[in-house]
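The lines below spell out each chain.
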Amino acid sequence: DDGSVLLWDAPSGTLDAILPWYESFGEVSVSTQGAMVIAKGWANIEVYDGTTGHRLRTFVMDAPIVEAILLPGETRLVGFSTESAWVWDLRSGEVVTALDQGGLEESPGSTAVVAAGNIVAACNGVVMAFGEAWDFYEDFDLEEERLTIDVYVSAWDVDTGRLLHRAVRR
């Protein structure tokens, strides 16, 4: 009820840890070995120790978070906001690199993100109104406006931040 994240041991049914949370969040993920828990808030990503429940790091984005993923090796984290994408070092908390958005006004990582080696790929759909990215929070008369959805699949080298490929379906 208080917004905390409860970690349960599935086989035994015992409560392993309670992770305090100080605001609402949309999604929680667990590292492959359960050593870390990643919780996405409105504009921040919280990283917790999966065994003790202690908060390890907080990463703050420049806009609402749409996705976060641990990279293979679990020493780096990629966070996508609606405006940018960053790679952080989990030990130091420092930004390793920013991912090149290739001229897009909105970050293409809002629906699905996968990582393999030093490559991260993301997919999203950007709703367009008269050729401009549509702000979902604007008042909008759907009967008078012409909307399209551009679907982007993008791939980056997370070591350099370089956009390797982008496919667009309109």
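Predicted model, so just to flag it, every value in this text is computed and none were measured. (Residues numbered from 1 in each chain as written. Predicted model: local features only at pLDDT ≥ 70, side-chain atom pairs only at ≥ 80, totals over all residues. Heavy atoms only, no water.)

S.K.: Could you give an account of a nonpolar patch on the surface, with specific residues and numbers?
M.R.: Residues Leu6, Trp8, Leu15 and Ile18 make up a contiguous nonpolar surface patch of roughly 410 Å² in combined accessible area. Turning to its location among the elements, leucine 6 is positioned in strand β1 (residues 5-9). A residue is classified by how much of its surface remains accessible, and leucine 6, at 43% relative accessible area, is partly exposed. (Patch = residues over 30% accessible without salt bridge, like charges linked within 9 Å, V, L, I, M, F, W, Y side chains within 5 Å. Areas by Shrake-Rupley, 256 points an atom, 1.4 Å probe, with all protein chains shown as cover. Salt bridge = Lys/Arg side-chain N within 4 Å of Asp/Glu carboxyl O. Helix = DSSP H or I, 4+ residues; strand = E, 2+ residues; numbered from the N terminus. Buried < 20%, exposed > 50% of the residue type's maximum accessible area, 1.4 Å probe, protein only.)

S.K.: Tell me what's going on with the sheet that holds strand β9 (residues 85-89), and back it up with residues and numbers.
M.R.: Strand order in this open sheet of four strands is β7-β8-β9-β10, and the pairing throughout is antiparallel. The sheet is open, and its two borders are formed by β7 (65-70) and β10 (95-98), each paired with just one other strand. Neighbour to neighbour, the strand axes of the sheet diverge by 20° on average, direction disregarded. Note: β9 against β10, three bridges, orientation antiparallel. Directly across from tryptophan 86, in β10, lies its bridge partner alanine 98. (Pairing = 2+ DSSP bridges. Axes fitted to C-alpha atoms, helices over the stretch in contact; angles between N-to-C directions.)

S.K.: How would you summarise the pattern of salt bridges if you had to cite specific residues and measurements?
M.R.: If you walk through the whole model with that rule in mind, you get three salt bridges. With a shortest N-O distance of 3.7 Å, lysine 40 and glutamate 67 are connected by a salt bridge. Pair noted here: lysine 40 is in strand β4 (residues 36-40) and glutamate 67 is in strand β7, with a separation of 27 residues, a long-range link. Judged on exposure class, the residue lysine 40 and its partner glutamate 67 are both buried. Two residues, aspartate 159 and arginine 76, come together in a salt bridge whose shortest N-O distance is 2.7 Å. Taken as a pair, aspartate 159 in the loop between β14 (147-157) and β15 (163-169) and arginine 76 in strand β8 (residues 76-81) lie far apart in primary sequence, 83 residues in all. Exposure remark for aspartate 159: the relative accessible area of 42% places this residue in the partly exposed category.

S.K.: Can you explain unusual backbone geometry? Please cite residues and give values.
M.R.: Phi angles above zero are rare outside glycine, and glutamate 74 is one such case at about 55°. Considering the arrangement of structural elements, one finds glutamate 74 in the loop between β7 and β8.

S.K.: So what's going on with the nonpolar core? Residues and values would help.
M.R.: In terms of nonpolar packing, the biggest core is built from 14 residues, with Val78, Phe80, Leu99, Val120 and Trp156 touching the most fellow members. Secondary structure elements with two or more residues in this core: β7, β8, β9 and β12 (119-129). With sequence-adjacent residues up to four places away left out, valine 120 is seen in contact with Ile69, Leu99, Val113, Val114, Ala115, Ser154, Ala155, Trp156 and Val158. Among the nonpolar cores identified, the runner-up in size contains 12 residues, and Met36, Val47, Met61 and Leu77 belong to it. (Core = buried A, V, L, I, M, F, W, Y, C linked by side-chain atoms within 4.5 Å. Contact = heavy atoms within 4.5 Å.)

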